[in-house]
Protein chains: 4
Amino acid sequence: MPDAQTALSLTRQLAKAKGDAAGPRVANTLVAELSSLDDDKLAEYFDAVARELVAEWQTVIHQINLAKAGTALLVDVRRRLLPLVKSKPELKPLDRELQKTLTSWFNGGFLTLRRIDWDSPASLLERLMKYEAVHPITSWVDMRRRLAADRRCFGFFHPSMPDEPLIFVQVALTHEISATIKSILEAPIVEDPTPSTAIFYSISNCQKGLSGIPFGNLLIKRAVNELYHEIPSLKTFSTLSPIPGFRRWVMNNTDIITGLTSADKAALEVPRWWENPESCAVLELPLSKAAARYLTLAPQGRAPDPVAHFHLSNGARLERINWQANLSENAIAESYGLMVNYRYRPNYIEKCQEAYRLGRVSRARSVEGLLQTPLRMPFLGN
Amino acid sequence: MPDAQTALSLTRQLAKAKGDAAGPRVANTLVAELSSLDDDKLAEYFDAVARELVAEWQTVIHQINLAKAGTALLVDVRRRLLPLVKSKPELKPLDRELQKTLTSWFNGGFLTLRRIDWDSPASLLERLMKYEAVHPITSWVDMRRRLAADRRCFGFFHPSMPDEPLIFVQVALTHEISATIKSILEAPIVEDPTPSTAIFYSISNCQKGLSGIPFGNLLIKRAVNELYHEIPSLKTFSTLSPIPGFRRWVMNNTDIITGLTSADKAALEVPRWWENPESCAVLELPLSKAAARYLTLAPQGRAPDPVAHFHLSNGARLERINWQANLSENAIAESYGLMVNYRYRPNYIEKCQEAYRLGRVSRARSVEGLLQTPLRMPFLGN
Amino acid sequence: MPDAQTALSLTRQLAKAKGDAAGPRVANTLVAELSSLDDDKLAEYFDAVARELVAEWQTVIHQINLAKAGTALLVDVRRRLLPLVKSKPELKPLDRELQKTLTSWFNGGFLTLRRIDWDSPASLLERLMKYEAVHPITSWVDMRRRLAADRRCFGFFHPSMPDEPLIFVQVALTHEISATIKSILEAPIVEDPTPSTAIFYSISNCQKGLSGIPFGNLLIKRAVNELYHEIPSLKTFSTLSPIPGFRRWVMNNTDIITGLTSADKAALEVPRWWENPESCAVLELPLSKAAARYLTLAPQGRAPDPVAHFHLSNGARLERINWQANLSENAIAESYGLMVNYRYRPNYIEKCQEAYRLGRVSRARSVEGLLQTPLRMPFLGN
Amino acid sequence: MPDAQTALSLTRQLAKAKGDAAGPRVANTLVAELSSLDDDKLAEYFDAVARELVAEWQTVIHQINLAKAGTALLVDVRRRLLPLVKSKPELKPLDRELQKTLTSWFNGGFLTLRRIDWDSPASLLERLMKYEAVHPITSWVDMRRRLAADRRCFGFFHPSMPDEPLIFVQVALTHEISATIKSILEAPIVEDPTPSTAIFYSISNCQKGLSGIPFGNLLIKRAVNELYHEIPSLKTFSTLSPIPGFRRWVMNNTDIITGLTSADKAALEVPRWWENPESCAVLELPLSKAAARYLTLAPQGRAPDPVAHFHLSNGARLERINWQANLSENAIAESYGLMVNYRYRPNYIEKCQEAYRLGRVSRARSVEGLLQTPLRMPFLGN
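Conventions and cut-offs
- Residues numbered from 1 in each chain as written.
- Chains lettered and ligands numbered in written order.
- Predicted model: local features only at pLDDT ≥ 70, side-chain atom pairs only at ≥ 80, totals over all residues.
- Heavy atoms only, no water.
- Disulfide = S-S within 2.5 Å.
- Contact = heavy atoms within 4.5 Å.
- Buried area = accessible area lost by both parts, 1.4 Å probe.
- Salt bridge = Lys/Arg side-chain N within 4 Å of Asp/Glu carboxyl O.
- Polar contact = N/O pair within 3.5 Å; in protein donor to acceptor, adjacent residues only side chain to side chain.
- Helix = DSSP H or I, 4+ residues; strand = E, 2+ residues; numbered from the N terminus.
- Nonpolar A, V, L, I, M, F, W, Y, C, P; charged D, E, K, R; others polar.
- Pairing = 2+ DSSP bridges.
- Axes fitted to C-alpha atoms, helices over the stretch in contact; angles between N-to-C directions.
- Domains from an automatic or database assignment.
- Expected span 1.5 Å × (residues − 1).
- Buried < 20%, exposed > 50% of the residue type's maximum accessible area, 1.4 Å probe, protein only.
- UniProt positions renumbered as here; feature names shortened; annotations may be inferred.
- Least-squares fit on C-alpha atoms with pLDDT ≥ 70 in both.
- Phe/Tyr/Trp six-rings, centres within 6.5 Å; stacked < 30°, edge-to-face > 60°.
- Lys NZ or Arg CZ within 6 Å of the ring centre and 35° of its normal.

### Focus on the state of the cysteines
As enumerated under the stated definition, the model contains zero disulfides over all chains in all. Cys-206 of chain C supplies the cysteine sulfur nearest to Cys-153 of chain C, a cysteine that is in no disulfide, at a spacing of 9.2 Å.

### As for the interface of chain A and chain B
In this complex, chain A contributes 28 residues to the contact, which on the side of chain B involves 28 residues. Of the roughly 2,100 Å² buried between chain A and chain B, counting both surfaces, carbon and sulfur atoms make up 51%. Taken together, the links from chain A to chain B amount to two salt bridges. Viewed at the interface, chain B and chain A are joined by 10 residue pairs in polar contact (both at pLDDT 80 or more). At the level of secondary structure, the elements contributing two or more residues to the side of chain A that touches chain B comprise helix H2 (23–36), helix H6 (92–105), helix H10 (216–230) and helix H17 (349–357) of chain A.

### Topic: the interface of chain D and chain C
One frequent convention defines the size of an interface as the accessible area lost when the parts assemble. Chain D puts 28 residues into the contact, and the matching count from chain C is 28 residues. Between chain D and chain C, the buried area comes to about 2,100 Å², and carbon and sulfur atoms account for 51% of it. Our count for the contact surface shared by chain D and chain C stands at two salt bridges. When the shortest N-O distance is used, the salt bridge between Glu-350 of chain D and Arg-25 of chain C registers 2.7 Å. Counting across the chain D and chain C interface gives 10 residue pairs in polar contact (both at pLDDT 80 or more). Of all the secondary-structure elements, those providing two or more residues to the side of chain D that touches chain C are helix H2 (23–36), helix H6 (92–105), helix H10 (216–230) and helix H17 (349–357) of chain D. Counted by class, the side of chain D that touches chain C contains nine nonpolar, 13 polar and six charged residues.

### Notes on the sheet that holds strand S2 (residues 151–157) of chain C
All names here are of chain C. Pairing within the open sheet is mixed, and its seven strands lie in the order S1-S2-S3-S4-S5-S7-S6. The two strands at the open ends of the sheet, each matched to only one other strand, are strand S1 (112–115) and strand S6 (317–322). On average, each strand axis in the sheet is tilted by 30° relative to the strand beside it, whichever way the strands run. As paired strands, strand S5 (residues 236–239) and strand S7 (residues 339–344) are joined by two bridges and run antiparallel to one another. Along S7, the bridge assignment pairs Ser-238 with Arg-343.

### Structural notes on the environment of His-62 of chain A
Tracing the backbone shows His-62 of chain A in helix H4 (residues 57–64). His-62 of chain A sits 226 residues away from Ser-288 of chain A along the chain, and the two C-alpha atoms are 51 Å apart. In this structure His-62 of chain A touches Thr-101 and Trp-105 of chain A together with Ser-104 and Asn-107 of chain B, once residues within four positions along its chain are discounted.

### Notes on the domain arrangement of chain A
Per the domain assignment, the segments of chain A are domain 1 (4–105), domain 2 (109–239) and domain 3 (246–368). Each of domain 1 of chain A and domain 3 of chain A has a C-alpha centre, and these two points are 43 Å apart.

### A look at H6 of chain D
When the terminal C-alpha atoms of H6 of chain D are compared, their 20 Å separation across 14 residues agrees well with the 20 Å that a helix rising 1.5 Å per residue should span. For H6 of chain D, the full list of buried residues reads Leu-94, Asp-95, Leu-98, Thr-101, Leu-102, Ser-104 and Trp-105 of chain D. If you follow the buried residues of H6 of chain D, they end up packed against helix H4 (57–64) and helix H6 (92–105) of chain C together with helix H3 (39–52), helix H4 (57–64) and helix H5 (70–87) of chain D.

### Some points on the UniProt feature "domain: Malonyl-CoA decarboxylase C-terminal" (unreviewed entry) in chain A
In the numbering used here, UniProt assigns the feature "domain: Malonyl-CoA decarboxylase C-terminal" (unreviewed entry) to residues 109–344 of chain A. Helix and strand shares over residues 109–344 of chain A are 38% and 19% respectively, and the end C-alpha atoms of the span are 22 Å apart.

### Section: the relation of the copies chain A and chain B
For the pair chain A and chain B, the best superposition has an RMSD of 0.1 Å and corresponds to a rotation of 180° with a translation of 0.1 Å parallel to the axis. Classification of the inter-copy transformation places it as that of a two-fold axis. When the interface residues of chain A are mapped onto chain B, 100% of them again lie at the interface, so the same face is used by both copies.

### Things to note about the packing of aromatic side chains
Within the structure shown, the criterion is met by 49 aromatic pairs over all chains. Geometrically, the ring pair formed by Phe-246 of chain A and Tyr-294 of chain A is tilted, given 5.7 Å between the ring centres and 35° between the ring planes. Residue Phe-246 of chain A is located in helix H11 (residues 246–251), and its partner Tyr-294 of chain A is located in helix H14 (residues 277–295); the two are separated by 48 residues in the primary sequence. The buried category is assigned to Tyr-294 of chain A, whose relative accessible area is 3%. Taking 5.7 Å as the distance between ring centres and 75° as the angle between the ring planes, the aromatic pair formed by Trp-140 of chain B and Trp-118 of chain D counts as edge-to-face. Separated into two different chains, Trp-140 of chain B in helix H8 (residues 140–145) and Trp-118 of chain D in the loop between strand S1 (112–115) and helix H7 (122–131) make up a pair that spans both. Grouping residues by exposure puts Trp-140 of chain B and Trp-118 of chain D together as buried. Here a set of aromatic residues connected by ring pairs shows up, and it is made of Phe-246, Trp-249, Trp-273, Trp-274, Tyr-294, Trp-323 and Tyr-336 of chain A. The aromatic ring of Phe-157 of chain A is capped on one face by Arg-114 of chain A, whose charged end is 3.7 Å from the ring centroid.

Now the structure itself:
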């Protein structure tokens with residue numbers, strides 16, 4: 001079909017380019033072409049490139065980058081390529097090359113950490129509102145709250161896409177490790193110049209086209225550094241994180257299921273049980289203990305829960321498991337409303353990392369306590 | 001020996017790093033170590049890396065980049081590695097990987113064109129004075145002249161090294177294609193808002209560690225674009241370039257040598273012949289014709305003169321050969337004082353490039369004229 | 001009382017200061033003191049200053065300006081002083097001096113025109129939403145609409161208060177002179193690169209403390225200039241303005257009242273008559289003609305309507321009177337929903353200004369037409 | 001004559017302007033006219049303005065300020081007016097009004113302290129080299145030395161003239177209070193992160209048109225503040241200052257002259273006596289004591305030496321008198337090569353100021369010592 005053909009023709013030209021005068025001009029035209037292709041024609045385009053031009057694909061990528069906003073276009077190309085790769089393994093080599101190049105170009109050494117606040121461009125804040133993945137930003141009033149004096153927000157940016165954040169983290173400055181998301185999102189502003197604790201309560205990757213390229217570890221590291229220098233009273237750095245894989249794991253884990261009493265099961269069957277005080281009283285301990293077990297698994301140094309794996313491989317330790325931490329539909333469905341604090345202690349990061357690689361999850365005493373007691377508690381009358 | 005060992009030990013750590021917490025910290029320490037090694041210890045370091053760590057060298061490079069000023073350090077590492085590679089071919093793989101990565105990171109899409117003028121930082125101008133390779137900048141007065149209203153200076157910069165130019169070009173805005181460098185360097189300032197001609201009279205690569213990574217073509221292209229938008233009266237874009245390989249070629253070319261008359265040879269033997277009017281009268285035509293022959297050679301699409309090859313492969317054409325264009329010792333030694341104008345005509349660039357690839361050098365009529373006449377001129381009474 | 005006494009004591013120190021070392025220090029303390037005084041104590045403070053320190057008030061003002069954010073504090077002091085001056089004429093000298101100094105400091109030569117758009121800081125946009133006086137900005141969605149590609153927003157800023165706009169204007173880029181505010185506020189975005197008309201539909205002064213200091217004329221002038229250079233297709237520059245004094249004038253004008261027919265009066269008595277088609281049909285002409293009469297009055301070169309006086313003394317002309325231009329409660333109460341276009345024609349500005357000073361309001365033909373016909377129209381059967 | 005007439009005519013227009021549309025346009029034209037008048041025609045212009053327009057001169061000044069670079073033009077107008085005022089007292093009112101307005105506009109609250117270093121624009125450094133009044137900057141190498149890591153340079157800037165410094169100070173970071181200018185200007189760079197002393201060795205006012213408007217006190221205050229925050233190890237802040245009025249005072253002071261022995265006088269008569277060790281040995285004490293007397297005079301709180309008056313009224317104290325501190329021709333002619341340290345001790349500034357106003361110069365013990373001993377020293381065998 002015509003459109004994909006134009007793009008292909010331009011691509012073949014770029015494939016032969018080598019310091020060619022036409023390079024940037026052809027690249028600019030190709031960028032416009034690719035941006036205008038609908039999904040079907042783009043799939044055709046990829047098919048043809050995979051068939052004809054795999055050997056020159058690196059050259060083409062580097063030529064496209066010469067166009068105005070070329071890097072951004074390549075990130076967008078990958079965003080549109082990724083869904084296709086699942087069903088068409090022949091496109092894998094295209095993605096492999098593209099991911100390798102983008103990973104190199106977006107190396108942490110090229111990323112700038114920027115603090116985002118209420119003086120940032122409205123257009124940028126609007127993007128954050130769109131990208132926020134964990135705890136949706138419901139309005140400009142909500143956005144403003146998250147940028148108040150007792151909050152911080154940091155993002156990574158790349159010089160080639162100065163207005164588009166790659167990833168951003170939201171932080172609450174508090175006096176203790178937060179146990180519920182409500183205590184952060186609905187808290188009144190506290191103007192305290194000497195908070196002791198920084199709670200990283202949300203991290204959102206913004207660019208689907210940069211999937212699989214790891215930014216989070218470096219972002220947390222640099223944000224902790226930045227905060228520590230700005231606010232010397234900060235002694236504790238912790239997250240308040242979801243446990244996305246917990247419920248699914250429970251459902252598939254016969255041990256746990258057998259361990260639940262009939263009282264437990266009955267409690268779970270109460271409609272909107274998490275708003276029912278009796279159900280919650282019954283379920284708190286068994287579910288917390290199950291979560292402790294789930295989160296301390298790390299066969300071959302890889303925790304089954306992706307968020308746990310992320311923080312533990314960054315060198316955090318399992319600090320505390322929080323019951324009724326998030327009562328949104330999503331959190332109930334994911335993890336019975338439980339959330340967990342992962343704590344980063346600068347002097348122990350490398351040690352924790354080491355231990356985790358060998359399959360041991362570092363944990364605080366409260367978690368150890370949950371593990372010691374058997375799954376079934378005598379006073380629950382099972 | 002101790003120093004190289006410390007650096008090696010840190011390098012081994014980085015080689016195993018993969019999202020390792022220690023990454024940036026170890027990288028910063030390694031950067032400091034490498035910067036402190038003298039040439040001998042650095043050579044040791046490279047030897048060991050080539051023996052032990054070739055497979056992980058890419059990883060190490062990407063880890064070093066995480067350090068503060070990591071990219072600049074890698075450029076400096078390559079600057080120090082290059083001289084060693086000539087005598088130690090076993091180090092070639094290290095350079096190959098490093099050059100490949102730097103070429104990708106310094107892709108034109110990441111470079112910013114900046115106009116440099118008298119309002120630029122003194123520290124930057126001081127760097128230009130150090131890096132200027134073609135016509136040395138002799139003093140701050142000279143520097144100031146080159147940044148006056150009838151001059152332009154553009155440089156490429158990379159975000160990771162914002163104060164270090166990668167390459168810069170100097171331009172004179174005039175009314176005709178300059179025939180001598182003196183008419184540029186010693187001209188009084190002309191405040192003319194509508195010049196017709198832009199003469200690119202100097203290009204200097206600034207970073208030895210980025211040797212072999214081509215910036216010049218893109219720089220000229222973008223500078224021409226920039227100038228054309230700023231000054232719509234500009235119609236002609238040309239260089240005034242040295243011919244570094246000319247004299248050596250003449251010395252080794254029996255045809256040319258045989259073609260020289262005894263009068264020619266006598267003229268050349270006069271001490272400081274280029275200041276002697278009679279010698280110059282004798283030599284002008286034979287040497288100009290020889291230059292025309294030299295500059296129109298392009299076997300397999302590659303001119304022997306590196307400056308000619310650069311501009312011709314960029315799509316310029318051979319515009320004019322200038323006698324007594326540069327009377328400095330260097331220019332006399334290189335090319336008998338001859339210089340050449342290469343002219344960039346936007347509508348013909350791709351055509352000229354094509355022709356050049358096929359071995360044909362596009363040339364203006366005046367050059368054609370020099371070629372038509374035989375090497376020996378009857379009126380020279382030979 | 002204590003507080004006002006502390007401020008007074010500091011003020012007496014500043015009154016004696018002359019290059020005194022303590023100047024900035026005392027000024028900073030006084031700024032903090034004054035900011036903390038409630039209205040009563042501040043009134044006391046002013047009373048004492050008026051009694052004791054009128055002779056040194058200029059010195060005090062200049063000393064306060066040395067404090068951090070001193071200029072902003074002085075603007076705020078005047079904001080709080082102005083309401084008191086009405087009831088306490090003894091404070092007039094204080095305001096006179098303060099206004100004189102602020103007028104000099106905020107001379108147009110020190111003001112920067114800045115374009116405000118969706119990339120401006122959210123904090124700045126939030127301020128605009130607060131200051132917008134004419135057509136309230138109802139939400140962030142509304143704010144965003146007013147900064148879209150077919151809109152412009154310009155503000156004046158002073159270097160001493162870089163985040164606080166002094167005055168801002170909102171502009172719609174259209175194809176004809178807008179007749180209703182709805183056609184601007186509720187229009188879908190039009191992405192047209194060559195609009196012919198710029199409608200200035202809102203001007204808001206932001207700083208009450210700078211009342212009486214005229215910024216509007218210069219703002220319009222510079223905004224017109226800016227727009228003309230950015231968009232050469234713009235040929236027509238007009239406002240869409242309210243007529244705040246119209247209804248009051250009608251109510252007090254026996255001529256007009258006698259000129260109204262019983263049908264007119266009946267139409268006006270219909271509840272929410274402006275939503276009643278018959279009432280509107282009856283009232284359009286008589287009210288439009290009355291408005292024409294009102295707006296062409298300029299005894300001694302001063303139109304009774306303050307908005308008219310502003311634009312006419314800037315050199316605009318009365319372009320068109322618009323029936324049912326604004327159906328908000330406020331506009332109905334002010335001017336029966338009528339609005340007017342004042343048009344700025346660069347080549348005629350000085351002429352129109354001259355004429356206005358002599359009592360003649362320049363008007364377009366359509367307005368002339370409304371004036372020619374008598375107030376009572378035969379077909380209205382009166 | 002024609003030129004002055006054009007300027008006068010434009011000035012009369014501005015005199016009548018009041019929110020006039022023509023304001024900025026006429027102002028821009030007048031600015032161009034005034035800039036082109038030679039000294040004679042400008043003198044004519046001033047004469048006419050003084051005769052005709054004194055009452056409207058304030059209005060004219062405020063209108064001129066609306067022009068592009070209007071403030072800078074007014075500063076330049078005053079620069080050219082000042083020399084005329086001496087011989088033509090009828091121009092005094094013009095200068096009085098202009099100085100009053102400029103003093104208000106250049107109030108310290110509007111000035112920005114900027115650190116100037118080797119990364120500052122070359123054009124700015126070139127200006128410093130031109131304006132440096134005390135110790136001429138002899139070359140770019142000298143300029144560079146004065147901006148090295150062990151030096152600081154601060155200037156005041158006004159937003160209306162962002163590239164023109166109003167005044168700048170040069171500081172050396174050392175380990176003790178410098179006794180000679182040579183120890184500063186010719187010192188090798190010392191890279192010490194914890195210097196104890198900041199020596200302010202040069203202050204230069206840059207704008208003749210701003211004569212009589214005091215910037216120095218505030219500059220020193222803010223520079224001390226800036227330095228103290230940047231380098232907490234700094235404990236001592238002192239100047240190394242010339243004594244411009246000393247020699248003249250000695251020549252006219254019979255007491256001192258009578259106090260000189262014949263040996264003293266003979267020593268002074270030796271050609272280039274300051275390079276003669278014997279002369280210096282003889283003269284050190286008598287001249288130092290004379291200097292001590294000179295510098296501790298403050299009848300009615302005003303020291304005869306202008307530099308002394310400046311620092312003492314800023315609250316500094318007389319710290320030390322330095323023999324052979326500056327051997328340049330100028331310094332020998334001014335003060336026999338003596339220089340003085342004025343020391344600013346933050347906790348004593350107000351006290352020292354107070355004392356100085358009452359006629360007492362605060363001095364350190366070494367100076368007190370010089371005063372105690374009589375002018376004639378027995379061991380000099382007089």
